[in-house]
Amino acid sequence: AEGIFKCFFPSKPAGVATTSPPEEDIDTSQKNLPLPKRQAPSHTIPVLDETEISELAKRFADAIPENKLSVAALQGYLLKNKVRPRECVDEVAQIIEERETWEKLKKEKAEGTRGTISV
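Named according to an unreviewed UniProt entry, the protein chain is Mitochondrial chaperone BCS1-like ATPase lid domain-containing protein originating from Suillus fuscotomentosus.

In structure tokens, the structure reads:
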């Protein structure tokens, strides 16, 4: 889970500035002009430093119970949260609890239907 997390979120070496200028440095005469639809960014992936990504990846992996989620499930969750690396880590435990509750209800429902007799 830790390695998958690091693959999904880009990092920069600690102490290196990002290449894109902060929004306040953008030429204000161009700031309010709409971009063509094909070039308009729908979202921005934050680029965090290696130290923070490593810390977040470790916390993410620690929150994942052993053998509870498939690699595909982890990847799906990370894709849904591609622009929210910090929130992704903060919310993963809640998502796992919800998934376990859903699986428990599904199992109980399946066991309940096996015991019924249809006439």
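Once you've had a look at it, read on.
Take the nonpolar core next. One finds Phe5, Phe60 and Leu78 to be the most contacted residues of the largest nonpolar core, which totals 17 residues. Looking at this core, the elements with two or more residues in it are α1 (2-8), α3 (50-63), α4 (71-80) and α5 (85-114). Excluding residues that lie within four positions of it along the chain, phenylalanine 5 makes contacts with Ile53, Leu56, Ala57, Phe60, Leu78, Pro85, Cys88 and Val89.

Attention now goes to α3. Over its 14 residues, α3 extends 20 Å from the first C-alpha to the last, a length consistent with the 20 Å expected when each residue adds 1.5 Å. Residues of α3 that are buried include every one of Ile53, Leu56, Ala57 and Phe60, and no others. Buried residues in α3, looked at end-on, bunch into an arc of 105°, giving them a common side. Exposed positions of α3 whose direction lies more than 90 degrees from the buried face are Thr51 and Asp62.

Another point: α4. Every buried residue of α4 is listed here: Leu74, Tyr77 and Leu78. Taken end-on, α4 shows its buried residues confined to a sector of 95°, consistent with a single buried face. Facing away from the buried side of α4, by more than 90 degrees, are the exposed residues Ala72, Leu79 and Lys80.

Turning to the pattern of salt bridges, a few remarks are in order. Evaluation of the coordinates by the stated rule reveals six salt bridges. Put simply, lysine 58 and aspartate 62 hold a salt bridge, and the shortest N to O gap is 3.3 Å. Pair noted here: lysine 58 and aspartate 62 are both in helix α3, with a separation of four residues, about one helical turn. The residue arginine 99 makes a salt bridge to glutamate 103 at a minimum N-O spacing of 3.4 Å. One end of the pair, arginine 99, and the other, glutamate 103, are both in helix α5, four residues apart, so they sit about a helical turn from each other. With a relative accessible area of 35%, glutamate 103 lands in the partly exposed category.

Procedures and definitions
Residues numbered from 1 in each chain as written. Predicted model: local features only at pLDDT ≥ 70, side-chain atom pairs only at ≥ 80, totals over all residues. Heavy atoms only, no water. Core = buried A, V, L, I, M, F, W, Y, C linked by side-chain atoms within 4.5 Å. Buried < 20%, exposed > 50% of the residue type's maximum accessible area, 1.4 Å probe, protein only. Helix = DSSP H or I, 4+ residues; strand = E, 2+ residues; numbered from the N terminus. Contact = heavy atoms within 4.5 Å. Expected span 1.5 Å × (residues − 1). Arc of directions from axis to C-beta. Salt bridge = Lys/Arg side-chain N within 4 Å of Asp/Glu carboxyl O.

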